[in-house]
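Reading the structure
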Amino acid sequence: VNTRFENTDFINGSNSIYYYGSSAAYDTGFTVLNCKLINPYYRGMYSYYQENPAIIGNELTSSSTYTFGYGLQCYDFSGGDLKVNGNYLYSQPAVAWPRYGFYFFRFESSVLDRGEVMGNYVSMPNGGLSGMYLFDLEFIDFKNNSVFLSDFSSSAEAVYITQGLAIDFKNNALAGGEGARPIYV
């Protein structure tokens, strides 16, 4: 509860941050602020069962040769103070990491107290499946994000959205290079 990482560099390892809560009682106040997640082999951050998390202003990159990695992999985030804002993920030259830039699964807020995914930048010029994969987001403001993914596959996309409810999707810049699509809904 109320775990906070601020201005911290996480270098190497399988996962830079692995933070797993409980489905019975979500952890509250998990914060990762202005950190660098550098050279994880598999995932920059893996987190589950968080209420009102704040993942803000972080830098993620890796020279990993593992081609099925994740930048941010987050499941079951909830609350009106849910914020994933101002993060920067980029691929190293000639490196295919990550396969998914941001992978978000079940982000839930409420009609009166919306969560935020804002001002993030994802650059994946060397391939991947999705710059941002969004599954079942509810009452989330998705604004001012820039996502670029280049891949020869026509089943790759900068942003993939499936299921969900009341996503306010505004002022985003999405680009797909080669065969990749800017968005798939």
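See above for the structure.
Residues numbered from 1 in each chain as written. Predicted model: local features only at pLDDT ≥ 70, side-chain atom pairs only at ≥ 80, totals over all residues. Heavy atoms only, no water.

Some points on the overall build of the chain
To keep things clear, this is the line we draw: Helix and strand definitions here come from DSSP, where helices need a minimum of 4 consecutive H or I residues and strands a minimum of 2 consecutive E residues; each element is numbered from the N-terminal end. Type-normalised accessible area, obtained with a 1.4 Å probe on protein chains alone, sets the label of each residue: buried when under 20%, exposed when over 50%, and partly exposed for intermediate values. The contact criterion used is simple: two residues touch if any of their non-hydrogen atoms lie within 4.5 Å. Only the protein chains shown count as cover for residues, and all accessible areas are computed by the Shrake-Rupley method using a 1.4 Å probe. Charge counting follows a simple rule: Lys and Arg are positive, Asp and Glu are negative, and His as well as the terminal groups are ignored. For this purpose, a charge sits on NZ of Lys, CZ of Arg, CG of Asp or CD of Glu.
Across its full length, the chain holds zero helices and 22 strands. Principal-axis analysis of the C-alpha atoms gives the chain an extent of 40 × 35 × 25 Å. Across the 185 residues in the chain, those meeting the buried criterion constitute 52%. Considering only contacts within the chain whose residues lie at least 6 apart along the sequence, 78% involve residues at least 24 apart. Summed over all atoms, the accessible surface of the chain reaches about 7800 Å², with 49% contributed by carbon and sulfur. Where the 10 positive side-chain charges of the chain centre and where its 17 negative ones centre are 3 Å apart.

Overview of the sheet that holds strand 21 (residues 173-178)
This is how the line gets drawn: In this analysis, strands are considered paired if DSSP registers two or more bridges between them. All axes here are fitted lines through C-alpha atoms, helices being fitted over the stretch that makes contact, and every angle between N-to-C directions spans 0 to 180 degrees.
Ordered by their spatial adjacency, seven strands build an open sheet running 2-6-9-12-15-18-21, and the pairing between neighbours is parallel. Edge positions in the sheet fall to strand 2 (9-11) and strand 21, since each of these pairs with one other strand and no more. Shown here is a sheet whose adjacent strand axes are inclined to one another by a mean of 10 degrees, direction ignored. Of the strand pairs in this sheet, strand 15 (residues 121-124) and strand 18 (residues 146-151) are connected by four bridges, and their pairing is parallel. Across the sheet, the residue bridging to Y121 is S146, located in strand 18.

Some points on a nonpolar patch on the surface
Which entries qualify depends on this criterion: Each patch groups residues whose relative accessible area exceeds 30% and which form no salt bridge, using 9 Å between like charges and 5 Å between nonpolar side chains of Val, Leu, Ile, Met, Phe, Trp and Tyr. What makes a salt bridge here is a side-chain nitrogen of Lys or Arg within 4 Å of a carboxyl oxygen of Asp or Glu, nothing more.
On the surface, a cluster of nonpolar side chains totalling about 270 Å² of accessible area is made up of F169, I183 and V185. The topology assignment puts F169 in strand 20 (residues 168-170). When its relative accessible area of 31% is taken as the criterion, F169 is described as partly exposed.

What about the state of the cysteines?
Cysteine pairs can be linked by a disulfide, which is a covalent bond between their two sulfur atoms. This is how the line gets drawn: Disulfides are defined as cysteine sulfur pairs within 2.5 Å.
In total, this model carries zero disulfides according to the counting rule given. Unpaired in terms of disulfides, C35 finds its nearest cysteine sulfur in C74, a separation of 14 Å. On the basis of relative accessible area, C35 is assigned to the buried category, the value being 1%. Looking at C74, the relative accessible area reads 0%, which means it is buried.

So, the sheet that holds strand 14 (residues 115-118)
Taken together, seven strands build an open sheet; the order of strands is 1-5-8-11-14-17-20 and the sheet is parallel. In this open sheet, the two edge strands, each paired with only one partner strand, are strand 1 (4-6) and strand 20. Within this sheet the neighbouring strands show an average axis-to-axis angle of 10 degrees, counted without direction. Of the strand pairs in this sheet, strand 17 (residues 140-143) and strand 20 are connected by three bridges, and their pairing is parallel. Looking at the pairing, F142 lines up with F169 of strand 20.

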